[in-house]
Amino acid sequence: MSYRNAALPVAERVADLLTRMTIDEKIFQLFQTFITDENREEVKQQIRATGLGSRILAASNLAGNMMLRMAELDDLNEIQRIAVEESRLGIPILHGRDVIHGHRTVFPIPLAMAATFDPAAMEEAFRIAAQEARAAGVHWSFAPMMDIARDPRWGRIIEGFGEDPYLGARMAEAAVYGFQGDHNEDGYWPSDRILACAKHYVGYGAAEGGRDYNTAEISDHTLRNIYLPPFKAAVRAGVGSVMSAFHDLNGESASGSRYLLTDILRGEFGFDGFVVSDWGSVDDLIHHRVAADERDAARIAFDAGVDMEMVSLCYIHHLAELIQAGEISHQQLDDACGRVLAAKFSLGLFENPYVERPNPVNLQMPAENLQASRRTAARGMVLLENNGLLPLSKETRRIAVIGPYADQRRAMLGSWVNDGLTDETATLVEAMCAACPQAEILTAPIGLYDEMLMAAAGADVVILAVGESNARNGENNHVAVLHLPAGQDELVRAVGKIGKPTVLVVFSGRPLVLTDLVGSVDAVLWAWHPGSAGAYAAADVLFGDINPGGKLPVSFPRAGGQIPVHYNANSTGKGGSDYLDLPGKPLYPFGFGLSYTTFEISDLRLSQDQFKAGETVNVSVQVQNSGQRAGDEIVQCYIQDCVSHLTRPVRELKGFRRVTLQPGESRRVEFALGPDELSYYGPSGKWLLEPGVFKVWLGNDSRAALEGSFTVTP
Ligand code: BGC
């Protein structure tokens, strides 16, 4: 039984095991179910008879805001023991769970982590999440989510990395490395990590009107150049699984598209892991009306390339019959089953199927993990306005900390948190008291408008915490109006009228429209949903213990009617992007964020101004901290392919670097632009580099003005 021999490479063990399996046993490896009190005995019987591919540790597809506690350790082990000891071949079950931005220690929402422009911080966050989750018995997480989102009405914008394919790709690969680590030459991953899942493949973020689950229409050109790059990068980084999306794209169901799942994902990108459907998305083919019934749905999805079905029953009811009828081949079944088994071997499940005691979920969050979460939260906060009020002096005597999010715990964590504990999460009031114990912190109950105003009137400085709840974004939570929720705009204006120095701190999962509010306050700090230690991180930034350096990973519109308003729009014929009633530009552009110090970016140099396609040019600038405090700048490199066969963006991000500089310190920052950065998917979807002139801009947001150019010759 060589499949039991851990000294053999994964591929050999898979091949051996496949020869021993019946068709039913193979089909059940392609099924993921959840276990409730009602179906428990039935599932156990099934596992004894056929084994089971995977168990999802959730009981609803809307797990994002429900905080479903982990299955208890005894429960996980009991079910696993049945698979390992009582099923014929003893194949362990893969435990899947949505560990989206941290497990017990909650990190900021992924969009906030993208705002760090720091892939190392992203990798660290995902590594920590993997280690905590694995210790609690999770083997596989449905993350990272890498859907490009150009529409903040879509509530799931919080789960991804924003509007840009280059930033999205760098963050996607960092998250994959963090979760999985590197596998060895025999195909084994480190035993303290988990399997990553690149989702939702693909174009799910382009849902019409920002309404979740809706149709998306994306040209092949835009699909390849904008929506696919993070997935391509995740595959290159070795991601072990991919999730097919819920929606319909260009007339096909995303979970039934052979073009997307087989031709592109496997054929072009070379993906060799397995594809799992989203929750019931195989069955949804019937709702999309591209399948007549379950049998039809199973045939289409399986043939398209969905290996494992999440919770719906089309495969287990119909795959055997489809194989018998010759509509699905034995080879296809072996390939799909082999990919799932490979993941189980790679994770070491045959050797270590059980969770060890004590279950760390019931213990304290490790202090160093909480510290990492706090650091990352502060790194991702974006200072949008500051007339000099910030940083606050710790000598300030009376600070009012008011507003609907001054005293909130749950909203600090954000959506898609299953295992973080609300009562362990500090509020902003608590964090401000801790950061400045000698000050008098004036507070007021949330609902009592007049008392909030009285606290503001009695203070030297006002911290007004507004925003949106975690329940207002995430899955299936789209909004049509991007203003602060009811009553908050009025509150900001009323506090502004009191005339005390006021900082607006916004806790939110998506860009909101602040256009008419910024004039009422002295500073705006965008704090996102910052995680377990997020309130402390906000206090770190407000008092200047940490100098903010985050930048926007998505444009902030002036009004909802501007959407979509991403920076990388194509060049147009007649200019004319302004509206009659508003400028065409967003209020805050992609890549924007202020600091408590100032930076000068100058002296753009190119290593050559003409070179052959295939070679690389180095472009560099001098960055100097010209202010009084140490701080971080994120230097950004944008290009334009001046003439190309297909229309291209006005500018595209192709490099970024976060540097820390002491006052007066100066450093040269260099970017390499080679075939990867200069090519695009051109006519007929071909990856190509078109010789000609390219412009390059370096600066500290997407309006970067320092310009150079070079020519690529054939
Ligand atoms: C979501 C996925 C999630 C899955 C399992 C679905 O509703 O779209 O992102 O991983 O549920 O909870």
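Per-chain numbering applies: the sequence of each chain, read as written, is numbered from 1 onward. Local features are withheld for residues below a pLDDT of 70 in this predicted model, meaning they are given only at 70 or higher, and side-chain atom pairs are given and counted only at 80 or more; totals for whole chains, interfaces and linings count all residues. Working from all heavy atoms in the structure, the side-chain values ignore hydrogens and water.

Participant: An account of the packing of aromatic side chains is needed here, citing residue identities and associated values.
Facilitator: What counts as a ring pair is set by centres within 6.5 Å for rings of Phe, Tyr and Trp (its six-membered ring), and what kind of pair is set by the plane angle: stacked under 30 degrees, edge-to-face over 60, tilted for all other angles. With the rule as written, the count across this model stands at 25 aromatic pairs. Between F302 and Y315 the ring centres are 5.5 Å apart and the planes differ by 85 degrees, which places this aromatic pair in the edge-to-face class. Here the residue F302 occupies a position in helix α12 (residues 294–304), and Y315 occupies one in helix α13 (residues 314–324), the gap between them amounting to 13 residues. Grouping residues by exposure puts F302 and Y315 together as buried. Both rings, one in F694 and one in F710, keep their centres 5.6 Å apart while their planes meet at 5 degrees; by these two values the pair is stacked. Here F694 is found in strand β25 (residues 692–699), whereas its partner F710 is found in strand β26 (residues 706–713), with 16 residues between them in sequence. Summarising the burial analysis for this pair, F694 and F710 share the class buried. Linked through ring pairs, F117, Y166, Y567, F590, Y638 and F656 together constitute an aromatic cluster. A cation over a ring is seen here: K199 above W416, with NZ or CZ 5.3 Å from the ring centre. Our definition puts a charge over a ring when NZ of Lys or CZ of Arg is within 6 Å of the ring centre and also within 35 degrees of the ring normal. Here the basic side chain of K232 rests over the ring of W687, its NZ or CZ set 4.0 Å away from the ring centre. Counting from the N terminus, the helices are DSSP H or I runs at least four residues long and the strands are E runs at least two residues long. Remark: exposure states derive from per-residue accessible area (1.4 Å probe, protein chains only) relative to the maximum for the residue type, with buried under 20%, exposed over 50%, and partly exposed in between.

Participant: An account of the site of the ligand is needed here, citing residue identities and associated values.
Facilitator: Residues are classed as near a molecule or strand on a simple rule: at least one heavy atom within 4 Å of it. Neighbouring residues of the ligand: 14 residues in total, closest D98, R156, K199, H200 and D278. Pairing of N or O atoms within 3.5 Å defines a polar contact, subject to two protein rules: one partner must be a possible hydrogen donor and the other a possible acceptor, and residues neighboring in sequence count only if both atoms are side-chain atoms. A distance of 2.4 Å is found between an oxygen atom of the ligand and a side-chain nitrogen or oxygen belonging to D98. Each accessible area is a Shrake-Rupley estimate made with a 1.4 Å probe; only the visible protein chains count as cover when residues are assessed. Burial of the ligand by the protein amounts to 100% of the accessible area it has alone, namely 310 Å².

Participant: Can you explain the packing of helix α1 (residues 10–20) against helix α14 (residues 330–346)? Please cite residues and give values.
Facilitator: Helix axes are fitted only over the stretch in contact, all axes being lines through C-alpha atoms; the angle between N-to-C directions runs from 0 to 180 degrees. At a closest axis distance of 9 Å, the pairing of α1 and α14 adopts a crossing angle of 130 degrees. The orientation of α1 relative to α14 falls into the category oblique. In this structure, the crossing between α1 and α14 has a hand that is right-handed. Across from V10, R13, V14, L17 and L18 in α1, the residues of α14 making contact are D334, C337, G338, L341, A342, F345 and S346. We call Asp, Glu, Lys and Arg charged. Ala, Val, Leu, Ile, Met, Phe, Trp, Tyr, Cys and Pro are nonpolar, and the rest, Gly among them, are polar. Broken down by class, the residue content of the contact of α1 with α14 amounts to eight nonpolar, two polar and two charged. Just so you know how the angles are binned, under 35 degrees is roughly parallel, over 145 roughly antiparallel, 65 to 115 roughly perpendicular, and the rest oblique. Definitions for this section: a left-handed crossing has its near helix turned counterclockwise from the far helix by less than a right angle. A right-handed crossing has that turn clockwise. Throughout, a residue-residue contact means that at least one pair of heavy atoms, one from each residue, lies within 4.5 Å.

Participant: Can you break down the sheet that holds strand β22 (residues 666–673) residue by residue, with the values?
Facilitator: Two strands pair under a simple rule: DSSP has to find at least two bridges between them. Reading across from one edge, β17-β19-β22 is the order of the three strands in this open sheet, with antiparallel pairing throughout. Single-partner strands in this sheet number two, and they are β17 (599–606) and β22. Averaged over all pairs of adjacent strands, the angle between strand axes in this sheet comes to 25 degrees, irrespective of strand direction. With eight bridges joining them, strand β19 (residues 617–625) and β22 adopt antiparallel strand pairing. Bridged to V619 within β22 is F671.

Participant: I'd like a rundown of the sheet that holds β26, residues and numbers included.
Facilitator: The mixed open sheet is built from five strands, whose spatial order is β18-β26-β25-β20-β21. Looking at strand neighbours, the two that pair on one side only are β18 (610–612) and β21 (652–661), the edges of this open sheet. Averaged over all adjacent pairs, the angle separating strand axes in this sheet is 25 degrees, with direction ignored. Both β18 and β26 contribute to a ladder of three bridges, which runs parallel.

Participant: An account of helix α19 (residues 488–498) is requested, with residue identities and associated values reported.
Facilitator: Within α19, burial applies to Q488, D489, L491, V492, A494 and V495. On the buried face of α19, the contacting elements are β12 (398–402), α18 (449–457), β14 (461–467) and β15 (502–507). Immediately downstream of α19, the backbone of G499 shows phi near 90 degrees, a positive value.

Participant: Residue-level account of the environment of L421, with values.
Facilitator: Its location among the elements puts L421 in the loop between α16 (410–413) and α17 (428–435). Here the alpha-carbon distance between L421 and V106, two residues 315 residues apart in the chain, equals 8.7 Å.

Participant: For the domain arrangement of the chain, give the residues involved together with the corresponding values.
Facilitator: Either an automatic procedure or a domain database provided the assignment from which the domain bounds are taken. For the chain, the assigned domains read domain 1 (2–346), domain 2 (365–562) and domain 3 (599–713). The centre of domain 1, based on its C-alpha atoms, is set 35 Å off from the matching centre of domain 3. The partner domain 3 presents 14 residues to the 16 residues of domain 1 that form the contact. Interface of domain 1 and domain 3: buried area, both sides summed, is about 1,300 Å²; carbon and sulfur atoms make up 58% of it. Counting the surface domain 1 buries against domain 3, the share from its top three residues, F117, Y166 and H221, is 44%. Any carboxyl oxygen of Asp or Glu that lies within 4 Å of a side-chain nitrogen of Lys or Arg is treated as forming a salt bridge with it. Summed over the shared surface of domain 1 and domain 3, the result is one salt bridge. Across the salt bridge formed by D676 and R236, the nearest N and O atoms sit 3.5 Å from each other. Seen at the junction of domain 1 and domain 3, the total is six residue pairs in polar contact (both at pLDDT 80 or more). Where the side of domain 1 that touches domain 3 is concerned, the elements lending two or more residues are α7 (165–180), α8 (220–227) and α9 (229–236). The dominant element in the side of domain 1 that touches domain 3, judged by the number of residues it contributes, is α8, at four residues. The class makeup of the residues in the side of domain 1 that touches domain 3 is six nonpolar, three polar and seven charged. Buried surface area refers to the total accessible area, computed with a probe of radius 1.4 Å, that the two partners give up upon joining, counted for both partners together.

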